[in-house]
Amino acid sequence: MNLAEELKRRGLIEQSSAPVEVIFKEPRTVYLGIDPTADSLQIGNLAVVLLMKRLALAGHKLIFLVGGGTGMIGDPREKGERVLLDEKTLARNTRALSKQLYKLLPGTPFRMLDNAAWLTRLGLVPFLREIGKLFTVNDLVKRDIIARRLATPDESISFTEFSYALLQGYDYLVLNEKYKCDLQIGASDQWTNILSGVELIRKRAGREAYAFTMPLITDSMGKKFGKSEGNAVWLDPLKTTPFVFYQFWLNVPDEGIEKYLKVYTFLPLAEIEALVERQRKVPNEREGQKALARLVSALAHGETTANHVALATEALFGPTPFEELSREKRAIALTEAPSLKFTKADLTKGYSLIDALVAGGLASSKSDARRLIESRGITLGGTIITDLNYQIGQGSFNDSYALVRKGRREVLLLVLK
RNA sequence: GCGUCGGUGGCGGAGUGGUCAAUCGCACGUGGCUGUAAACCACGCGACUUCGGUCUACGGAGGUUCGAAUCCUCCCCGGCGCACCA
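Residues numbered from 1 in each chain as written. Chains lettered and ligands numbered in written order. Predicted model: local features only at pLDDT ≥ 70, side-chain atom pairs only at ≥ 80, totals over all residues.

The name given to chain A in an unreviewed UniProt entry is Tyrosine--tRNA ligase. Under Subcellular location (unreviewed entry), UniProt gives the following word-for-word description of chain A: "Cytoplasm". Quoted verbatim from the Function (unreviewed entry) heading of the UniProt record, the comment on chain A is "Catalyzes the attachment of tyrosine to tRNA(Tyr) in a two-step reaction: tyrosine is first activated by ATP to form Tyr-AMP and then transferred to the acceptor end of tRNA(Tyr)." (UniProt positions renumbered as here; feature names shortened; annotations may be inferred.)

Asks: How should the overall build of chain A be read in this particular structure?
Replies: A tally of regular secondary structure across chain A gives 20 helices and 10 strands. Counting only C-alpha atoms, chain A reaches 75 × 50 × 35 Å along its principal axes. (Helix = DSSP H or I, 4+ residues; strand = E, 2+ residues; numbered from the N terminus.)

Asks: Any chance you could explain helix H14 (residues 269-281) here in plain terms?
Replies: Helical geometry: 3.6 residues make up each α-helical turn, so side chains three or four residues apart lie on a common side. The end-to-end C-alpha distance of H14, which contains 13 residues, comes to 18 Å, matching closely the 18 Å that a straight helix rising 1.5 Å per residue would cover. Listed as buried for H14 are Ile272, Leu275 and Gln279. Along H14, the residues classed as buried sweep out an arc of 65 degrees about the axis, all on the same side. Away from the buried face of H14 by more than 90 degrees, exposed residues Ala270, Glu277, Arg280 and Lys281 are located. The inward-facing, buried residues of H14 contact helix H13 (254-264) and helix H15 (287-301). (Expected span 1.5 Å × (residues − 1). Buried ≥ 20, exposed ≤ 12 C-beta atoms within 10 Å, placed from the backbone. Arc of directions from axis to C-beta. Contact = placed C-beta atoms within 7 Å.)

Asks: Is there a simple way to explain the sheet that holds strand E5 (residues 210-214) in this structure?
Replies: One key point about sheets: their strands pair by backbone hydrogen bonds, in either a parallel or an antiparallel sense. Taken in spatial order, the five strands of this open sheet run E3-E2-E1-E4-E5, and their pairing is parallel. Pairing within the sheet leaves two strands with one partner each, and these edge strands are strand E3 (111-114) and E5. Sheet twist, expressed as the average angle between the axes of neighbouring strands with direction ignored, equals 25 degrees. As defined by bridge partners, strand E1 (residues 29-34) adjoins strand E2 (residues 61-66) across six bridges and the pair is classed as parallel. (Pairing = 2+ DSSP bridges. Axes fitted to C-alpha atoms, helices over the stretch in contact; angles between N-to-C directions.)

Rendered as structure tokens:
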């Protein structure tokens, strides 16, 4: 199967500036821009980064462009003006993102650039004369987000954000001239910005450059994927632990399985189809979720860690009660699952379950913890706790650990040292 | 600069002197049913609490009042109109 066909069948093509078959006729140098608005990628970015890897595997050259310069401006969004990030934060984020990319793509050669290198040196007057002339305001104001911001009282758009598209277009022009970059990809929400670059190259350099986008990955509710309740799913293991990361994928609803396997794994299409078929027949086995969680975890955190969290999950949610597992299995669970450490002194001083729930992150506040207990959502060692004043004591522990569950899918291990 | 409208919980959006921690919808959480799924139903959703309450809270700071998210003054932020500029 050729690349174009493969990508189409995986649902990775949304818009394209030319038929993808045409685009892939020759080896390209493809670029993906990432704005340093955070110090870690999250799973939304991961989808596109993996798409880059697919292109690399097919023989195309990669450029990752971290937007140290565009990040200083901010891509217009629906809501209203962004708060400008300060330079220190930008620099830190930029460094963090590049490190992450290197970790994520071992063995894949790519070039890493920061558009601050040219954007911050840009002279305003030359820019307006040479680049600004090639954009019309008439066009810009027609763009969805800009039009909405212009039309909506309370959400006007600053000239700064209005100009963002020019900078992104200019990036592509620079990359085209300096690095022979002739393909840009991104998520579909970037389409118009991406197209600005294609047009700019045509007008300014008289060359044909290409672009295509993949659909923005959404969950079943149509929201950006992995951003429920402001808790983005990060690739940075310190922001989202590998265990929680694995759990996230394991909890993907059935309807999403096929889509996510196609986008987030390198499993051949035939195998995905077979897997989805088995999932449909025996849904309670959750084979699809397990494969997805296992494979994406391996991509993000490495084989070893993926194995560990899979084992930890089996230990904590599998058919064998935790207490009856072998020492090693419990030890793995203890290192991977969320845990909270106690000393004997803590216990003699008195430590309430409510405090433990808050400290362990199962509850956002004491009131929340209280609510959880009242609604019978907390179990300790398999018993539902109904006593709001429950004190954790020696007796709560079994062989120096105790397993607390919140609902069916969250756990916290209490460890006595 | 002048005028005018507005700034309420994660979001949308009510309330316009006491009964307001604030109707409602969405999102989210727990329980029930299940498969750590979806749908559905129930409850919950500021913080603290000796569970009776207490304390903060409606852009910020003052004030009027027995009492203010609600009225007044000043300030900050945003929209719109006009003026200035061109």
